[in-house]
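Structural overview for review
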Amino acid sequence: MDIGFWVFQTLNALQLSMLLFLLSVGLTVIFGLMHFVNLAHGALYAFGAYVAATVAGGLGYWPGFLLAPVLVAAIGLLLYAGLIRRMRKSGPMAQVLVTFGLIFALLDLTRIIWGDLAFGMELPAVLSGRVTIGSVEYPTYRLFIIALGAGVFGALALILGRTQIGAMIRAGVDNDAMASCLGINVERLFFVVFCIGCALAGLAGAIAAPILSVTPDMGLQILIPTLIVVVIGGLGSLKGAITGSLIYGFVQTFGAVLVPNLASVLIYALLAVVLVMRPAGLFPAKG
Amino acid sequence: MKTLLSAGAAALATTSLVHPAAAEDITVGLLLPYSGVYAALGQDIEAGFRLGLEQFGGETDATFEIVAEDTEVKPPVGLAKARKLVLQDKVDVIAGIVSSGVLGAVSDFVDSAKVPLIVANAGNDEATGANCSPYIVRMSFSNGQVNRPMGKWMREQGINTVFTMAPDYAAGQQMIAGFVEGFQSAGGEIVGQEFTPFQKTQDFGPYLAKAKASGADAVYVFYAGGEAISFVKQYDSFGLKSGLPLYGAGFLTSPLYVEAEGPAAEGVIAALHYVPTIDNEANAAFVATFEAKTGRTPSEYAAHGYDAAHALVLATAAGATDRESIAAALPKVSFSGPRGATAIDPATNNIVQPIYVYETVAGTDGLTQKVLAELPAEADPANGCDLAAASN
């Protein structure tokens, strides 16, 4: 096991982290901003993957890559207008039940539209090769995922930290009643954040589609890791989402390499430890 | 419709108020997943089964009526549906079952209810080993059977060391155990093994790096369905295929989903009991009629359904009319079908069939399977099954 092996595995861990980051950041900010639990987030990711694979089948990779977030955001808009706005005041239990039910409704919807057979998605030529880094050959596409995740993180950090809308979101997460008193339309803010979160879930689906198989239950499979990231990182914060994703990615990857027998339980053990030591997660938005 | 007509004709002929016993009217319960992860398999098996009854129905006087039930790939649901088929629909025979978990749940029930069950997929070795039953006949494959001869064949191709990978559950372990047994007894060496968390592994990157670092001559894996697609694509994207050839149990590049794997599947060499390109007359007829009916190439799952129907037709042609006689006749069935010469081993009630080594290659319209070798049929070891002793 030379140094190349460890570089390789570190890149693997980073790639998994970035995929999870794209999913968890939307979920955690929706959580933090409006105390709204959207379990159907994973289903939106699956939708994104199907849209990307279908569009890519006809028009090529890039149209699929660009259309998936837009269409999934549109689905988010429909969900918001039809269901989520009404559920805003009904308490976490009802919200969990409704969005949990939504998972299965959306799952069967994907089965009705796209059938049970798994889909694949081909990469564009520019991303399908491998890049040599030192002694390591690494797939270009995976580096693209890492770069994309880092880019989205940078953009979100900039928006949340340096712009007026970012300040409004942070104020809303911190104390929504007070933010409302100061004249911020928190409900509209929530709507915008919700749509962006959905778009990011769609984007995650689109970038996952070429390396994974696109199946109806992919949303269910990714939901648990995403929730673990959110819980470890702490609700509502960008810093929590990126930290949680990195922890998950590295524990999962190096767990599989070093202690394969424990790979599937390691992350749950870590989750338990975090919950005991820091019940609110590592970097919750509210102190 | 045919059934209704014949039942109607029978009723008219007897003009009796008593429901006609119609000895040759066989009710078949199809127990398959129509929802859940294996729904596509269920559909293929049913299409094959119905086609089989249509093709061979003329060889028997019996008529068949099908009652289909959805197992949802959940063992408790499968058991409840098996009870419903037996107690309410009073079926004469059950066919189907994709998941070994569901098979484990229903096998005790069909055994004690004395209802014959034709397994049309589930490959758990135990079902025709320690847990075998005179009422359970398998027309699909067993996990060890598909992989054992491949170990010997790969050794003959000059491969000395192999790294194996499979999902961490019963089928994965049995498939790999079968291969390892064949490979080691032919003098090969296993230099590393990984069992990945079943249905929880989406990224095989960490494991693939270990396979590469192991220095093996080749990698041998079992993956199926969505995991197979992810695995094959990731194996190719890491550039391993050229230096470290990929071999496996044939489900890895099943015609059912090989198109989703795309060019990444080219060059993968795998062993399976059926591929659509097997060169024999029965298979040519099967492929042609299946394609005409469904518009797609038959998978091994369709072949299971087709052969299960064929076996049932032959059992009734041999005079079987009810549960007991069908159960007694099924193990004696043998025929030459799409998979070549197939028979049932009376010692275990498992199918005996040749295994085909095939390579996935680019054809004129999409990927196709090039058969490299036909490995002779071998009966599974009894593995604790005492059917032979019981019948003596």
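This structure is a prediction, so every number in the text was calculated from the model and none was measured. (Residues numbered from 1 in each chain as written. Chains lettered and ligands numbered in written order. Predicted model: local features only at pLDDT ≥ 70, side-chain atom pairs only at ≥ 80, totals over all residues.)

1. Concerning helix α11 (residues 300–317) of chain B
All names here are of chain B. Basically, it comes down to this: A run of H or I in DSSP counts as a helix once it spans at least four residues, and a run of E counts as a strand once it spans at least two, with each numbered from the N terminus. Here a helix's expected span is defined as the number of its residues, less one, multiplied by 1.5 Å. To sort residues by exposure, count the other C-beta atoms lying within 10 Å of each residue's C-beta; 20 or more gives buried, 12 or fewer gives exposed, and values between give partly exposed, all with C-beta atoms placed from the backbone.
Here α11 spans 25 Å end to end across 18 residues, near enough to the 26 Å set by a 1.5 Å rise per residue. The element α11 is extensively covered by neighbouring structure, given that 16 of its 18 residues are classed as buried. Downstream of α11 by one or two residues, glycine 319 has phi in the positive range, about 110°.

2. Some words on the domain arrangement of chain B
Residue and element names in this part refer to chain B. Put simply, the test is: The split into domains, and so the bounds of each, comes from an automatic or database assignment of domains. By the convention adopted here, residues are in contact when the distance between their C-beta atoms, placed from the backbone, does not exceed 7 Å. Ten residue types, Ala, Val, Leu, Ile, Met, Phe, Trp, Tyr, Cys and Pro, are classed as nonpolar, four, Asp, Glu, Lys and Arg, as charged, and the remainder, Gly among them, as polar.
What the domain assignment reports for chain B is domain 1 (2–141 + 279–353) and domain 2 (144–272 + 355–375). The centre of domain 1, based on its C-alpha atoms, is set 30 Å off from the matching centre of domain 2. On the domain 2 side, the residues contacting the 12 residues of domain 1 number 11 residues. At the level of elements, α2 (39–56) and α11 are the ones that each hand at least two residues to the side of domain 1 that touches domain 2. Looking at the side of domain 1 that touches domain 2 residue by residue, the class counts come to 4 nonpolar, 5 polar and 3 charged.

3. A closer look at the interface of chain B and chain A
Interface size, as often reported, equals the accessible area lost upon joining of the parts. The partner chain A presents 28 residues to the 27 residues of chain B that form the contact. Ranked by residues supplied to the side of chain B that touches chain A, first place goes to helix α8 (residues 225–237) of chain B with 7 residues. In terms of residue class, the side of chain B that touches chain A is built from 12 nonpolar, 9 polar and 6 charged.

4. Topic: the pairing of strand β14 (residues 355–363) of chain B
Consecutive residues of a regular strand have side chains that alternate between opposite faces of the sheet. Residues and elements named next belong to chain B. The following threshold applies: At least two bridges found by DSSP between two strands are what make those strands a pair.
Pairing of strand β10 (residues 269–272) with β14 involves 4 bridges; the strand directions are antiparallel. The residue of β14 that forms the bridge with isoleucine 269 is glutamate 359. Both β14 and strand β15 (residues 366–375) contribute to a ladder of 9 bridges, which runs antiparallel. In the strand pairing of β15, alanine 362 is matched with leucine 367. Hairpin connection of β14 to β15: 2 residues between the antiparallel strands.

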